[in-house]
Amino acid sequence: MIAIGDDIDGLQATLLRALASPNRLRIVHLLGMGPHEVHEVARALGLSQAGASQHLGAMRSVGLVEPLRDGRTVRYRLVDPEILVACQLMRDVLVRRLSRLGNLAAAAQEPAGPLPDSSQAGHP
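Below or above, wherever it landed, is the structure these notes cover.

Definitions and limits used
Residues numbered from 1 in each chain as written. Predicted model: local features only at pLDDT ≥ 70, side-chain atom pairs only at ≥ 80, totals over all residues. Heavy atoms only, no water. Core = buried A, V, L, I, M, F, W, Y, C linked by side-chain atoms within 4.5 Å. Buried < 20%, exposed > 50% of the residue type's maximum accessible area, 1.4 Å probe, protein only. Helix = DSSP H or I, 4+ residues; strand = E, 2+ residues; numbered from the N terminus. Contact = heavy atoms within 4.5 Å. Axes fitted to C-alpha atoms, helices over the stretch in contact; angles between N-to-C directions. Parallel < 35°, antiparallel > 145°, perpendicular 65-115°, else oblique. Left-handed = near helix turned anticlockwise from the far one by under 90°. Nonpolar A, V, L, I, M, F, W, Y, C, P; charged D, E, K, R; others polar. 1 Å grid on protein atoms, 1.4 Å probe; cavity = no way out; pocket = protein on both sides within 12 Å on 5 of 7 lines; lining within 4 Å. Points joined across faces, edges and corners; volume = space filled by probe spheres on them. Pairing = 2+ DSSP bridges.

## Focus on the nonpolar core
Link 1 in the chain: Ranked by internal contacts, the top residues of the largest apolar core, which has 19 residues, are Val28, Leu31, Val41, Leu56, Leu64 and Val65.
Link 2 in the chain: Breaking this core down by element, the ones donating at least two residues are helix 2 (22-31), helix 3 (38-45), helix 4 (49-61), strand 3 (73-78) and helix 5 (82-109).
Link 3 in the chain: For Val28, the contacting residues outside a window of four places in its chain are Leu19, Met59, Leu78, Ile83, Leu84 and Cys87.

This is the structure we're talking about:
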C-alpha cells in the first residue's frame, strides 16, 4: 500500500516497479482497449487464471488498475487511461533507439572501401 508521506519520486518508482514485467505491460495494453475479466486477460495473454490474477493484484495494489463489480462479475480497467499513453511513449523511445542501433549495425556491415596494399607499405 502507498503511504501518504511518500514523495512523488518514491511513488513513481513504486509504480514503475509494478510495471517491470512484460506480462504487466501486456495487461496495460489489453486494458487500454477496455475492461476485462481475469479469465479474459489470462486467455488473451496465454497465462493461467491464477497468474493473471496475481499480476492484476500487484497492479491494483499500486493504483494502476481497479475492479469494476457487476453482481458476481469483476472486470478490471486502468485507473487512468494516461497510463497507456506513458507506456506507449516509452515503447516509442525504445523503437527509435533500436532503429538507431540497427542503422549503426547496418553501417558497420558495409565495406569500408579497399584496404591499402600491404606490399607497398613503407615504399614511396
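## Thoughts on the packing of helix 2 against helix 5
Link 1 in the chain: Two elements in contact, helix 2 and helix 5, have axes separated by 9 Å at closest approach and are oriented at 125°. Judged on the interaxial angle alone, helix 5 and helix 2 are oblique. Crossing of helix 2 over helix 5 shows left-handed handedness. Across the interface between the two elements, Leu25, Val28 and His29 of helix 2 pack against Ile83, Leu84, Cys87, Gln88 and Arg91 of helix 5.
Link 2 in the chain: The residue inventory of the contact of helix 2 with helix 5, partitioned by class, reads 5 nonpolar, 2 polar and 1 charged.

## Comments concerning the layout of surface pockets
Link 1 in the chain: Each pocket or cavity is described by its volume, and for the largest pocket that value is around 280 Å³.
Link 2 in the chain: Around the largest pocket sit Leu15, Leu16, Leu19, Ala20, Leu25, His29, Ile83, Ala86, Cys87, Met90, Arg91 and Leu94, which together line it.
Link 3 in the chain: Residue assignment for the lining of the largest pocket shows that the elements contributing at least two residues are helix 1 (8-18), helix 2 and helix 5.
Link 4 in the chain: Partitioned by chemical class, the residues of the lining of the largest pocket number 10 nonpolar, 1 polar and 1 charged.

## Focus on the sheet that holds strand 2 (residues 65-70)
Link 1 in the chain: Pairing within the open sheet is antiparallel, and its 3 strands lie in the order 1-3-2. Edge positions in the sheet fall to strand 1 (36-37) and strand 2, since each of these pairs with one other strand and no more.
Link 2 in the chain: Packed onto the sheet, helix 2 meets strand 1, strand 2 and strand 3 and runs at close to 100° relative to strand 3.

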